[in-house]
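So the chains spell out like this:
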Amino acid sequence: MAKVSREQQVRNRQKSIENLATDFKEQMGKRLIASKKLFAKTFGTRIVAADLHSHSEHTDGQSTIAENAERARLVGLDMIFATDHWTLAQKRQAVAQKGMSWGIESGCWNAHIGLLHATKRAPDRGKVRIAEAVEDLRTIAPFVWVTHPTGFGPVTKKWFKTFFDRMVDVEDLAMEILNGYDSLTRSLDRTGQWNIQLMDMLLAAGRTVTAIGSSDAHSLVEIGNSWTGVVGATQSPNSIIKGLAAGNCFASEAPLLELTINGKPMGATLKPRKGTSLKLRVRAVDSLGIALVRIVADGKVIKEFDAKRATTFEGTLTRKATGRPGSFRVEVVAIDNRYAFSTPVYIR
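What counts and what doesn't
- Once a new chain begins, its residue numbering starts again from 1 and follows that chain's sequence as written.
- Residues qualify for local features only when their pLDDT is at least 70, as the model is predicted, and side-chain atom pairs are given and counted only at 80 or more; totals for whole chains, interfaces and linings, by contrast, use all residues.
- Excluding hydrogens and water, the side-chain figures rest on all heavy atoms present in the structure.
- Each helix corresponds to a stretch of at least 4 residues labelled H or I by DSSP, and each strand to a stretch of at least 2 residues labelled E; elements are numbered beginning at the N terminus.
- Based on C-alpha atoms, the radius of gyration is set beside the globule rule, defined as 2.2 Å times the residue count to the power 0.38.
- Only protein chains enter the accessibility calculation, which uses a 1.4 Å probe; a residue whose area is less than 20% of its type maximum is buried, one above 50% is exposed, and one in between is partly exposed.
- Contacts are residue-level and defined by heavy atoms, with any inter-residue pair within 4.5 Å sufficient.
- Per-residue and other accessible areas follow the Shrake-Rupley method at a 1.4 Å probe size, with only the shown protein chains counted as cover for residues.
- Taking the helix axis as origin, the arc is that swept by the directions to the C-beta atoms.
- Any carboxyl oxygen of Asp or Glu that lies within 4 Å of a side-chain nitrogen of Lys or Arg is treated as forming a salt bridge with it.
- Definitions used throughout: a 1 Å grid over protein atoms alone; a cavity as a set of points that fits a 1.4 Å probe which cannot get out; a pocket as an open set with protein on both sides within 12 Å along at least five of seven lines; a lining residue as one with an atom within 4 Å of a point.
- Grid points are joined across faces, edges and corners, and a volume is the space filled by probe spheres set on the points.
- Here, strands pair whenever DSSP counts at least two bridges between them.
- Two aromatic rings from Phe, Tyr or Trp, using only the six-membered ring of Trp, form a pair when their centres are within 6.5 Å; if the ring planes differ by under 30 degrees the pair is stacked, by over 60 it is edge-to-face, and anything between is tilted.
- Angles here are taken between N-to-C directions and fall from 0 to 180 degrees, while the axes themselves are lines fitted to C-alpha atoms, restricted in helices to the stretch in contact.
- Reported orientations rely on four angle classes, namely roughly parallel under 35 degrees, roughly antiparallel over 145, roughly perpendicular from 65 to 115, and oblique for the rest.
- For a crossing to be left-handed, the near helix must be turned anticlockwise from the far one by less than a right angle; the clockwise case is right-handed.
- Think of it as three bins: nonpolar holds Ala, Val, Leu, Ile, Met, Phe, Trp, Tyr, Cys and Pro, charged holds Asp, Glu, Lys and Arg, and polar takes everything else, Gly as well.

## Quick word on the overall build of the chain
Argument step 1. Helix and strand content of the chain: 7 helices and 19 strands.
Argument step 2. Relative to a compact globule of 348 residues, whose C-alpha radius of gyration would be 20 Å, the chain shows 20 Å and is just as compact.
Argument step 3. Dimensions along the principal axes, computed over C-alpha positions, put the chain at roughly 75 × 50 × 40 Å.
Argument step 4. In the chain, buried positions account for 56% of the 348 residues.
Argument step 5. Here the contacts in the chain between residues at least 6 apart in sequence split such that 67% fall between residues at least 24 apart.
Argument step 6. Just so you have it, the chain exposes about 15300 Å², and 51% of that area is on carbon and sulfur atoms.

Shown next as structure tokens:
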């Protein structure tokens, strides 16, 4: 038997890991497809799963546009956007693929910023504030968000203060809560736990924050790690972008959810009089099973439901308006500890 070099052993092991991850993702895709069908059947509402942030060989990705589109279908996504850095070179190939559209990842000196359906190339904005860069990029794209806002590792209190100061003056902020870059199977542990803390800090400061989930895929194995669920959208890029702009969406690793308050959807702002009843309704689906559903108000869990491993959940909670501004958001935890985070409903 020929001797296998150490380098070849490492490559073989890596390939085996990637194959296992690919097989796992395809099973996750079947789970997601089943969940979408179950949500529509149970609650009469369509949820579209979209990955807003992927890269290809047009910049620093390892795969082609066609390969990314095919992998997105295998993992149950309805739409994936090709958001290569600064360029629109990928646009023609992207729109030729079923279930694919285009965007750009641009930025400024201290943030990366995503754009969907940009009308022209978007080089980095240089040494400007994030808020200024976002406003500038909104002139050429109908939806703009901050990608991986806290980076990809543990964040100290000092750095949290830095991130907060950079982003607190962004009007109508959208940001990735879940980012799946450089992970085989999921996003929460590497990015989500830090981004959700930053989100709550920004909400406490009276800001609005639209929750986005993306793969940030630079290789095929990352597609499916996390994505954005858009409630009520069709499988049309323009419909998805419209839902994102309204904030009627959530970031997810697997579960589906919907939050309304007095019938108003995620992203809505209510202006109730003090003492007015606020009826919160939460719906959630995961074809594998749901463990917990939490309602979070102003950064604190005010209600936790035991979903008893059911595949569907519906719960309500009534609160009185206090006359003070605030927000309500939802977290859903599947039985395998995969999370979904809603965009809040705001009280003003």
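On we go from here.
## What about helix α5 (residues 157–167)?
Argument step 1. Among the residues of α5, Phe160, Phe163, Phe164 and Met167 are the ones counted as buried. Take α5 and look down its axis: the buried residues cluster within an arc of 100°, on one side only.
Argument step 2. Against the buried residues of α5 lie α4 (130–137), β5 (143–147), β6 (173–179) and α6 (188–204).

## Looking at the pattern of salt bridges
Argument step 1. Counted under the stated rule, the structure contains 18 salt bridges.
Argument step 2. A salt bridge links Arg73 to Glu70; its shortest N-O distance comes to 2.8 Å. One end of the pair, Arg73, and the other, Glu70, are both in helix α2 (residues 65–74), 3 residues apart, so they sit about a helical turn from each other.
Argument step 3. On the accessibility criterion, Arg73 (35% relative accessible area) is partly exposed.
Argument step 4. For Glu70, a relative accessible area of 36% translates into the label partly exposed.
Argument step 5. One salt bridge in this structure joins Asp165 and Lys161, with 2.8 Å as the shortest N-O distance. Highlighted residues: Asp165 and Lys161, both in helix α5, separated by 4 residues, approximately one helical turn.
Argument step 6. Taking relative accessible area as the criterion, Asp165 reaches 41% and is therefore assigned partly exposed.

## Remarks on empty space enclosed by the protein
Argument step 1. Under the counting rule described, the total for this entry stands at 1 cavity of 30 Å³ or more.
Argument step 2. There is about 80 Å³ of room inside the largest cavity.
Argument step 3. In this structure, the largest cavity is lined by Lys25, Met28, Gly29, Leu32, Val75, Leu77, Gly224, Trp227, Glu253 and Ala254.
Argument step 4. When residues in the lining of the largest cavity are grouped by element, the largest group, 4 residues, is from helix α1 (residues 6–43).

## Details of the side chain of Asn110
Argument step 1. Along the chain, Asn110 falls in the loop between β3 (100–108) and β4 (111–116).
Argument step 2. Excluding its chain neighbours within four sequence positions, the residues that come into contact with Asn110 are Val128, Ile130 and Arg166.

## Concerning the pairing of β6
Argument step 1. Counting buried residues in β6 gives 7 out of 7 residues, a clear majority hidden from the surface.
Argument step 2. Note that β6 and strand β7 (residues 209–214) share 6 bridges and pair parallel. Counterpart to Asn179 in the pairing with β7 is Ser214.

## Examining the packing of aromatic side chains
Two aromatic rings, taken as a pair, are described by how far apart their centres are and by the angle between their planes.
Argument step 1. According to the stated counting rule, one finds 7 aromatic pairs in the structure shown.
Argument step 2. On the basis of an interplanar angle of 65° and a centroid distance of 5.0 Å, the ring pair of Phe39 and Phe43 is categorised as edge-to-face. Residue Phe39 and its partner Phe43 are both found in helix α1; the two are separated by 4 residues, about one turn of the helix. Of the two residues, Phe39 and Phe43, neither departs from the other in class, the shared state being buried.

## As for the sheet that holds strand β10 (residues 256–261)
Argument step 1. Here we have 4 strands laid out as an open sheet, ordered β11-β10-β13-β16, and antiparallel in their pairing. The open sheet is flanked by β11 (264–265) and β16 (312–320), the only strands paired with a single partner.

## Some remarks on the packing of α5 against α6
Describing two packed helices takes the angle between their axes plus the distance from one axis to the other.
Argument step 1. Running from amino to carboxyl end, α5 crosses α6 at an angle of 55°, the nearest separation of the two axes being 10 Å. In terms of axis orientation, α5 runs oblique to α6. Helix-helix and strand crossings are classified by hand; for α5 and α6 the assignment is right-handed. Where α5 abuts α6, its residues Phe160, Phe163, Phe164 and Met167 lie against Trp194, Gln197, Leu198, Met201 and Leu202.
Argument step 2. Of the residues in the contact of α5 with α6, the class split is 8 nonpolar, 1 polar and no charged.

## Concerning the environment of Ile261
Argument step 1. Relative to the elements of secondary structure, Ile261 occurs in strand β10.
Argument step 2. Counting along the chain gives 86 residues from Ile261 to Ile347, while the straight-line C-alpha distance between them is 9.8 Å.
Argument step 3. Residue contacts for Ile261: discarding those within four places in its chain leaves Leu270, Leu278, Lys279, Leu280, Phe328 and Val345.

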